[in-house]
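# Understanding the architecture of this molecule
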Amino acid sequence: MAMADKTLPSVTADSMDDALHRLSRKPGVKGWIMLDRTTGAVVKTNGQISTIRPARSSSTTSLPTPTGGSFSTDVNANTNNETQAAQELGSMVWSFLSTAGTLVQELDTDDELKLLRLRTKKQELVIVPEVKYILVVVHDTPPA
Amino acid sequence: MQQRQQEINAKKAKLAELKARRENRANQAAAGRTGSGSHPELVHPTPGRGDKTDIENLINKLVGESRPGSTFGSASPAQRGSRPNSVLSAGELSTKFSDFASQANGQQPAQASPPSQPQVLTTVPLQTVYECPPSPVKEIFSYSKGVQTTDEWTGPSTRPRAISELPDEDDLSGVTSTPNKRLSRRAREREEDLRLKLRKEIEEELKATKELVIDGVLPESSVANANFPARTLTAEELKAVTASDEFLDFVERSTKVIERALDQSYDVLTDYSLQINDVDDVEDQAGNTAGKGRRRVKEVVQFYDERWSKKRMVSSIDFSPKFPELLLASYTKNPSAPHDPDGIVQVWNSHLQDRPEFIFHAQSDILTAKFSPFHPNLIIGGTYSGQVLLWDTRARSAPVQKTPLTGSGHSHPVYSVDIVGTQNANNIISVSTDGALCVWSVDMLSQPQESLTLTSPPPSKFEDVAPTTMAFPQADPTYFLIGTEEGPIYPCHRYDRAGAKAGIDSRVSYKGHAAPVMSVAYHPPRGPVDLGDLVLSASLDWSVKLWKVRAPAATSTIVDATGTSVAPLLDLAREDVVYDAAWSPVRPGVFALVDGAGSMEIWDLSVETEIPVAKISPTARKEGRQLLSKSLNKVAWEPSEGKRVAVGGIDSVVTVFEVGPDLGGKDGVKAEEYTSIKKLVARLEASNAGGVV
């Protein structure tokens, strides 16, 4: 049957962009970050990450990013602000995640962390830790 | 001789210096113990290869020069003193090195006769171990240590740790115990003490690190705080990562999870004690509703995907038998996207509203699809090209199996497929519009297990029959009804049986529709009274009809063998063509129908046989086409609770409604409803008979 070529794989770069785009447009979503699980490096990010930490966004020097790109960061202040905010948030989420992971391991070594929803008074962080990557979404919650 | 003397003096001086350093080191070790945990090299205490070559060079140099001088036995005992705390130990020495040692050994007895030598050689095992001649080796060690400590002392933890693991250290000290006696006892004891402490400490640390490694998570965390982020990825690296299949899969899965999480409209933190004033407008903020009170019908959710649903018609809908939140919809082609697959099936989740849970493809328009009732992962479908397809939700979007287009399969559109049988023995049954019926094994679609051609019974002018729909009674997988394009509904047998051949049973037909029959549905056999002989049919002749069908065995008792025509019990004329009608799975008198005007009607025969109890149209999509876009093709009930009903049609939206407690839900079902339907049927039969007579 020579018709098989017409079917498309279910996962394409196209559909990935679609999914991410739709995610960003969801009502209430402030932004999201994708991290590499092993190194913690920021893979993709979207949205106004800097607004998530209103206290910090003004004084970026208060928490210096330890390594890497921080050297070249002085070039473009605005986008840099975002990258740095993303890195900082990524770092915080990462250490939070490993703490949570430790908890799960301590409870049952066969167990595995699958989803974290961190609800605060102002917003909610939904964290999906997968084997190689981590997706973090920050969204507004209905005022309670 | 003078030169020798000088050399010996120099060595002595060096030894003194070494002693001083050792003491210094002891102090440092004691001081550095607290901070030593932070050294990452701990985990892999492998000594550098470079050290070894250095040592070898040194040995060559030393042995080459000072070997002859070993006749001065007095020089060696003093140097033996440094042996026990030698930093290197047997494990660290390469075999090359030991070769060298034995070479030196060979030299030794010939040239030298130091007083200590016989003592050492008396013990047999010592000869088998390569470091048995202590003097040359020891000399080397003392120097090698000198080499290591001439550089600035890097901290107590790195080097000594390397020794600690090595098991033969005890042997070494045992070997050298004799010469050690000559060293000051105090110094030796202190040395021993220090070493013991170090060792203990290191063992503890090793144990700790091992535990960490086993945990697997902790190393990350300990590193996390230390150096995060590792570094920013370069553009190329980012590109490589984001293009990998792994990453695409990750995005697919994780966004799905997140969207489900965000779509959860209920706020778990709601505090009802605080907001009493907000609660009462819940009933009023109606949205799209119809009916009143306990017979309310309310629109719950609409499913539409811009990428995949666009411009496709919904050709069938089915709820998952296993997961009540999942439903599938099959679609025809999108005429404006010739490069996309013609037919698709989307599995929607009521907790994930913006995108389908799964998408499955086919090369031809899919006319019908349904979940296998016996295996929640399998979906079967029939296409316009005549193929029967099998998809698996664990696989990708292409069908895992499909029937051939040529030869023994169907060569005409397949409008109806079903899976009948039991959990352990079930078959796919498909019927195409040329009257061909095929029975397939779920495991093998390359060839039908059985095939049968349905032909029109004798009274009609043509043999051809074009089945558009097929319905099996719950109890009997060998007997079924087909609705035809011509209008009549025929009973069929899969096999020859008493009084009837396989195929359409010519003795009886259900005639009443004047246009193609779009659906035939048996009454679901639940409840205290068996109403399994009631059949509902929908037709393009603007009507829905209720039939009482005869049991397959009972047909043989009919006197006139051919051509008995049975009239419908009840004829419900509607205001437009009716595309589909479906019984509620839990309420005996309730059914839903959809028509060409775009309305869904809910009927309850136990209440009213003239008008529907509720009538509702799905909310129109804003950008939807206005003309001819409203018609609804299919309706399906959620089977386990019977509270939700889904409709879909030309405008490619699948809409789910929830019905009130008097129309759906298992809880409020009363036995009277069944008896009232039974009475209704008896009354209708009587009046029909009366009318005929």
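The structure displayed is predicted, hence computed values, not measured ones.

### Side note on the overall build of chain B
- Of regular secondary structure, chain B possesses 16 helices and 31 strands.
- Within chain B, the fraction of its 693 residues that count as buried is 51%.
- When contacts within chain B are restricted to residue pairs at least 6 apart in sequence, those whose partners lie at least 24 apart make up 59%.
- In the structure as shown, chain B presents an accessible area of about 33,100 Å², 54% of it carried by carbon and sulfur atoms.

### Focus: the overall build of chain A
- Counting its regular elements, chain A contains three helices and five strands.
- Counted from the first residue to the last, chain A has its helices and strands arranged as α-β-β-α-α-β-β-β.
- Burial status across chain A gives 42% buried among its 144 residues.
- If you take every contact in chain A between residues at least 6 apart in sequence, the share linking residues at least 24 apart comes to 46%.

### Here's the deal with a negative patch on the surface
- A cluster of acidic side chains, namely Asp108, Asp110, Asp111 and Glu112 of chain A, defines a negative patch on the protein surface.
- Residue position: Asp111 of chain A is located in the loop between helix H3 (77-107) and strand S3 (116-119).

### Section: the confidence of the model for chain A
All names here are of chain A.
- Averaged over all residues, the pLDDT of chain A is 75; the fraction at 70 or higher stands at 72%.
- In the predicted structure, residues 1-10 sits below a pLDDT of 50 and forms 25 contacts with residues beyond four places in sequence or in another chain.
- Overall, residues 57-76 carries pLDDT values under 50, and its contacts beyond four positions in sequence, including any with other chains, amount to 22 contacts.

### Some remarks on the sheet that holds S3 of chain A
- A sheet is described by the order of its strands in space; here five strands give the open sequence S2-S1-S5-S4-S3 (chain A), paired in antiparallel fashion. The outermost strands of the open sheet, each flanked by one partner alone, are strand S2 (42-47) and S3 of chain A. Neighbour to neighbour, the strand axes of the sheet diverge by 10° on average, direction disregarded.
- When strand S1 (residues 29-36) of chain A meets strand S5 (residues 133-140) of chain A, the two strands line up antiparallel, connected through seven bridges. In the sheet register, Ile33 of chain A faces S5 of chain A, and the bridge partner there is Val136 of chain A.
- Sheet contacts for helix H1 (residues 13-25) of chain A: S1, S2 and S5 of chain A; angle to S1 of chain A, the most-contacted strand, approximately 140°.
- On top of the sheet, helix H13 (residues 235-243) of chain B reaches S2 and S5 of chain A; it is set at about 85° to S2 of chain A, its chief contact.

### As for H1 of chain A
- Spanning 13 residues, H1 of chain A covers 18 Å between terminal C-alpha atoms, matching the ideal 18 Å at 1.5 Å per step.
- When we look at burial in H1 of chain A, the residues that qualify are Met16, Ala19, Leu20, Arg22 and Leu23 of chain A. All buried residues of H1 of chain A lie within an arc of 160° about the axis, which places them on one face of the element.
- At its buried positions, H1 of chain A is contacted by S1, S2 and S5 of chain A together with H13 and helix H14 (245-263) of chain B.

### Focus: the side chain of Asp36 of chain A
All names here are of chain A.
- Residue position: Asp36 is located in strand S1.
- Buried and without a salt bridge, Asp36 has Lys132 as its closest oppositely charged side chain, separated by 6.1 Å.
- In terms of polar contacts, Asp36 uses its side chain to reach the backbone amide nitrogen of Thr39, at 3.5 Å.
- Other than its neighbours up to four places away in sequence, Asp36 contacts Ala41, Val43, Trp94, Lys132 and Tyr133.

### Quick notes on the confidence of the model for chain B
All names here are of chain B.
- For chain B, the mean per-residue pLDDT works out to 76, and 69% of the residues sit at or above 70.
- Below a pLDDT of 50 lies the segment residues 34-48, which in the model reaches 19 contacts outside its immediate sequence neighbourhood of four places, other chains included.
- Predicted confidence for residues 66-116 stays below pLDDT 50, and this span has 90 contacts to residues more than four positions away or in other chains.
- Scoring the predicted complex yields pTM 0.64 and, for the interface, ipTM 0.70.

### Observations regarding the sheet that holds strand S9 (residues 388-392) of chain B
Residues and elements named next belong to chain B.
- Spatially, S7-S8-S9-S10 is the arrangement adopted by the four strands of the open sheet, whose pairing is antiparallel. The open sheet has two edge strands with one neighbour each: strand S7 (366-371) and strand S10 (401-402).
- Here five bridges tie strand S8 (residues 378-383) to S9, and the two strands are oriented antiparallel to one another. Bridge pairing in S9 places Leu378 opposite Asp392.

### Things to note about the side chain of Ser254 of chain B
- With respect to the helices, strands and loops of the structure, Ser254 of chain B is situated in helix H14.
- A distance of 2.8 Å separates the side chain of Ser254 of chain B from the backbone oxygen of Phe250 of chain B, its partner in a polar contact.
- Look past the residues within four positions of Ser254 of chain B in its chain and what remains in contact with it is Val128, Glu130 and Leu135 of chain A.

### Overview of the pairing of S1 of chain A
Residue and element names in this part refer to chain A.
- In terms of residue burial, S1 counts as a mostly covered element, since seven of its eight residues are buried.
- In this structure, S1 lies alongside S2, joined through five bridges in antiparallel fashion. Its bridge partner being in S2, Gly31 is matched across the sheet by Gly47.

### Focus on the packing of aromatic side chains
- One pass over the structure, following the stated rule, counts 10 aromatic pairs over all chains.
- Geometrically, the ring pair formed by Tyr133 of chain A and Phe250 of chain B is tilted, given 5.3 Å between the ring centres and 40° between the ring planes. Here the residue Tyr133 of chain A occupies a position in strand S5, and Phe250 of chain B occupies one in helix H14, the pair thus bridging two chains.
- Phe250 of chain B gets classed as buried once you look at its relative accessible area, which sits at 1%.
- Taking the centre distance of 6.1 Å and the plane angle of 40° together, the rings of Phe360 of chain B and Trp391 of chain B count as tilted. Taken together, the positions of Phe360 of chain B in strand S6 (residues 358-362) and Trp391 of chain B in strand S9 put the pair 31 residues apart, joining distant regions of the chain.

### Some points on the pairing of S9 of chain B
All names here are of chain B.
- The buried fraction of S9 amounts to five of the five residues, a majority that puts the element mostly inside the structure.
- Side chains of S9 alternate between two faces, with Val388, Leu390 and Asp392 and Leu389 and Trp391 buried alike.
- Remark: four residues form the turn of the hairpin made by S8 and S9, two consecutive strands paired antiparallel; Gly386 in that turn has positive phi of roughly 100°.
- In this structure, S9 lies alongside S10, joined through two bridges in antiparallel fashion. Considered in S10, the bridge of Leu390 is made with Gln401.

### Some remarks on the pattern of salt bridges
- One pass over the structure, following the stated rule, counts 31 salt bridges over all chains.
- Between Arg507 of chain B and Asp505 of chain B there is a salt bridge, with the nearest N and O atoms lying 2.8 Å from each other. For the pair Arg507 of chain B and Asp505 of chain B, a shared accessibility class is recorded, and that class is buried.
- Through salt bridges with shared partners, a single network forms among Arg22 of chain A together with Glu252, Glu259, Asp305 and Arg355 of chain B.

### Description of the environment of Leu262 of chain B
- Inspection of the secondary structure puts Leu262 of chain B in helix H14.
- Accessibility expressed as a relative area gives 17% for Leu262 of chain B, which makes it buried.
- Separated by 90 residues in sequence, Leu262 of chain B and Leu352 of chain B place their C-alpha atoms 8.7 Å apart.
- Leu262 of chain B has contacts with Lys26, Val29, Val126 and His139 of chain A, leaving out every residue within four places of it along the chain.

Here is what the cut-offs are and how they apply
Residues numbered from 1 in each chain as written. Chains lettered and ligands numbered in written order. Predicted model: local features only at pLDDT ≥ 70, side-chain atom pairs only at ≥ 80, totals over all residues. Heavy atoms only, no water. Helix = DSSP H or I, 4+ residues; strand = E, 2+ residues; numbered from the N terminus. Buried < 20%, exposed > 50% of the residue type's maximum accessible area, 1.4 Å probe, protein only. Contact = heavy atoms within 4.5 Å. Areas by Shrake-Rupley, 256 points an atom, 1.4 Å probe, with all protein chains shown as cover. Patch = residues over 30% accessible without salt bridge, like charges linked within 9 Å, V, L, I, M, F, W, Y side chains within 5 Å. Salt bridge = Lys/Arg side-chain N within 4 Å of Asp/Glu carboxyl O. Lys, Arg positive; Asp, Glu negative; His and termini not counted. Charge placed at Lys NZ, Arg CZ, Asp CG, Glu CD. pLDDT = per-residue confidence, 0-100. Pairing = 2+ DSSP bridges. Axes fitted to C-alpha atoms, helices over the stretch in contact; angles between N-to-C directions. Expected span 1.5 Å × (residues − 1). Arc of directions from axis to C-beta. Polar contact = N/O pair within 3.5 Å; in protein donor to acceptor, adjacent residues only side chain to side chain. Phe/Tyr/Trp six-rings, centres within 6.5 Å; stacked < 30°, edge-to-face > 60°.

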